[in-house]
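# A structural walkthrough
What follows is the residue order along each chain.
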Amino acid sequence: MEVTVKGWIRTRRDTGSFSFLEVNDGSCLANLQIIADETLVNYNEEITQLSAGCSVVVSGILQKSPAKGQDVELLAQTVAVQGWADPATYPLQKKRHSLEFLRGISHLRPRTNALGAVTRVRARLTVAVNSFFQKQDFIQVHTPIITTSDCEGAGEMFQVSAPGEKDDKPFFGSPAGLTVSGQLQAEVYAQAMGQVYTFGPTFRAENSNTSRHLAEFWMIEPEMSFCDLSCNIQVATDLLKFVLQDVLDNCIEDLALFDKFIEKGLIQKLRDIVDKDFVHITYTAAVEELTAVADRFEYHVEWGVDLQSEHERYLTEDVYKCPVIVTNYPATIKPFYMRLSDDGETVAAMDILVPGIGEIVGGSQREERLDVLTKRMKEAGIDTEEYGWYLDLRRYGTVPHAGFGLGFERLVQFATGMSNIREVIAFPRTPGSAPC
Ligand code: ATP
Ligand code: MN
């Protein structure tokens, strides 16, 4: 079969009157082996000068490979060099580079096996997320990136202003910022369309330099009318299982690479997530587990405090060794829109914690009662005039509804085993760093 391939050289090896070129075009992990023999017109001048990073267009005959390690190889008829890469300065050499080193060259790192594989798995997860919601008849809504609703921001909202903007005459009529969540706007659409989701970039001026926080990340936020906390848990569980099954079905070669070099046992971990039930406990039960071993932790834990990452990871990694759904958090540590329980102390919140990461999903049933919501907003110091539109949703045809946010990069981390979130987004934005 005659084929043409276009890609970048990974390695060249010469034996007698042949050169073996390993070419990768990004479509999959495996390289294609090209056999170029000395009868090719540019053999001496060009082919034997090729090195890692050079781009080529190769035409020839695809044939069964006699050698082990590959099914097919390409016997070249022409090798056209598109661009050279000086081996004296090209940073990607044949040896394995550390992920930290690669972070410093984010414009070249997708050319490596590991980052290429992350890129494909991430793209596949995007497809899987959209197909999950499509199959369940959700409507996708594109919620705004620039927003004037800062009640959610809690000091984490980046400000947006126009050049020369005066404080008393803001461009958008009132102070604006980059969205920290599309939830409030998604709620608007849920109360017209039934089940909606938004999947887009989200921004938080997190000054915490952790392995699970970015200043710019992507979030999947479904919002469902006629849905309570247990329905919410069901959707989140089904979504996680569906998308992880999808990458097992479609990205096994890339997952095998991660299993070998990044997280031993990754594939089995993902299969277990798909096959086994998640554990469900209340916040109160979680706090009991944690206080029993309080001296293990850096941060103090008692009923009424928010769980820290170390607490979350202890529950999911040491106690249950599987995903854990924690529900019914104290109202005082959760936002005003979460539905107040009959006990008057807790809200219908749910977080999903997974091994290696901690919180991957945060959600709740929303407060649908006008009087309770108004009271909660006032307690939180939120201007109820300004959020009249949000209260209108409770004035006109209110319904029980629920939703959650799934951090997309944390999902990609979980699926690839990457311990640092900076590895799973193309150009990570963190305090002090925004490459390219
Ligand atoms: P955390 O306690 O880990 O900071 P959070 O409680 O601030 O999370 P939510 O506001 O509930 O998180 O956001 C929903 C989801 O978005 C989280 O479960 C997580 O998966 C993801 N997420 C939140 N903040 C970030 C961030 N800075 N970078 C990447 N993902 C994030
Ligand atoms: Mn946070």
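Being a predicted model, the structure only gives us computed values, none of them experimental. (Residues numbered from 1 in each chain as written. Chains lettered and ligands numbered in written order. Predicted model: local features only at pLDDT ≥ 70, side-chain atom pairs only at ≥ 80, totals over all residues. Heavy atoms only, no water.)

Once that is clear, we can look at the overall build of the chain. The secondary structure content of the chain amounts to 11 helices and 16 strands. Across its three principal directions, the C-alpha atoms of the chain cover 85 × 55 × 45 Å. Looking at the chain as a whole, 50% of its 436 residues are labelled buried. Sequence-distant contacts, at least 24 apart, represent 66% of the contacts inside the chain between residues at least 6 apart. Here the chain has roughly 21000 Å² of accessible surface; of this, 51% comes from carbon and sulfur atoms. One finds the centroid of the 41 positive side-chain charges in the chain at a distance of 5 Å from the centroid of its 60 negative side-chain charges. (Helix = DSSP H or I, 4+ residues; strand = E, 2+ residues; numbered from the N terminus. Buried < 20%, exposed > 50% of the residue type's maximum accessible area, 1.4 Å probe, protein only. Contact = heavy atoms within 4.5 Å. Areas by Shrake-Rupley, 256 points an atom, 1.4 Å probe, with all protein chains shown as cover. Lys, Arg positive; Asp, Glu negative; His and termini not counted. Charge placed at Lys NZ, Arg CZ, Asp CG, Glu CD.)

Applying the stated criterion across every chain, the model contains 18 salt bridges. Between Arg103 and Glu423 there is a salt bridge; the shortest N-O distance is 2.8 Å. Separated by 320 residues along the polypeptide, Arg103 in helix 1 (residues 99–103) and Glu423 in the segment after helix 11 (408–416) bring together distant segments of the chain. Exposure remark for Glu423: the relative accessible area of 3% places this residue in the buried category. (Salt bridge = Lys/Arg side-chain N within 4 Å of Asp/Glu carboxyl O.)

With that settled, the discussion passes to the site of ligand 1. Within the structure, ligand 1 sits among 15 residues, and Arg204, Glu206, His213, Glu359 and Arg410 are positioned closest to it. The contact in question runs from a nitrogen atom of ligand 1 to an N or O atom on the side chain of Glu206, over 2.8 Å. Between ligand 1 and Leu214, the relevant distance is 2.9 Å, taken from a nitrogen atom to a main-chain nitrogen or oxygen of the residue. Relative to its unbound accessible area of 580 Å², ligand 1 is 80% covered by the protein chains. A per-element tally of the shell around ligand 1 places strand 15 (residues 358–365) first, with four residues. Residue classes in the shell around ligand 1 are distributed as six nonpolar, four polar and five charged. (Near = heavy atom within 4 Å. Polar contact = N/O pair within 3.5 Å; in protein donor to acceptor, adjacent residues only side chain to side chain. Nonpolar A, V, L, I, M, F, W, Y, C, P; charged D, E, K, R; others polar.)

The strands making up a sheet associate through hydrogen bonds between their backbones, and the pairing can be parallel or antiparallel. Strand order around the closed barrel formed by five strands is 1-2-3-5-4, with mixed pairing between neighbours. Strand-to-strand twist across the sheet, computed as the mean angle between neighbouring axes with direction ignored, equals 50°. Inspection of the sheet shows strand 1 (residues 2–15) paired to strand 4 (residues 55–64) by seven bridges, in the antiparallel sense. Each residue of the ladder has a partner; that of Lys6, found in strand 4, is Val57. (Pairing = 2+ DSSP bridges. Axes fitted to C-alpha atoms, helices over the stretch in contact; angles between N-to-C directions.)

For the rest of this paragraph, the subject is helix 8 (residues 309–319). Because an α-helix packs 3.6 residues into every turn, residues spaced three or four apart end up facing the same way. Regarding helix 8, the residues found buried are His311, Glu312, Tyr314, Leu315 and Thr316. Close packing links the buried residues of helix 8 with helix 7 (283–291), strand 13 (324–330), strand 14 (346–354) and strand 15. Of the residues flanking the end of helix 8, it is Lys321, one or two places downstream, whose phi is positive at about 55°.

Running from N to C, helix 7 and helix 8 point in directions that differ by 85°, and their axes come no closer than 11 Å. Compared by their axis directions, helix 7 and helix 8 come out roughly perpendicular. In this structure, helix 7 contributes Ala286, Glu289 and Leu290 to the contact, and helix 8 contributes His311, Tyr314, Leu315 and Val319. Residue classes in the contact of helix 7 with helix 8 are distributed as five nonpolar, one polar and one charged. (Parallel < 35°, antiparallel > 145°, perpendicular 65-115°, else oblique.)

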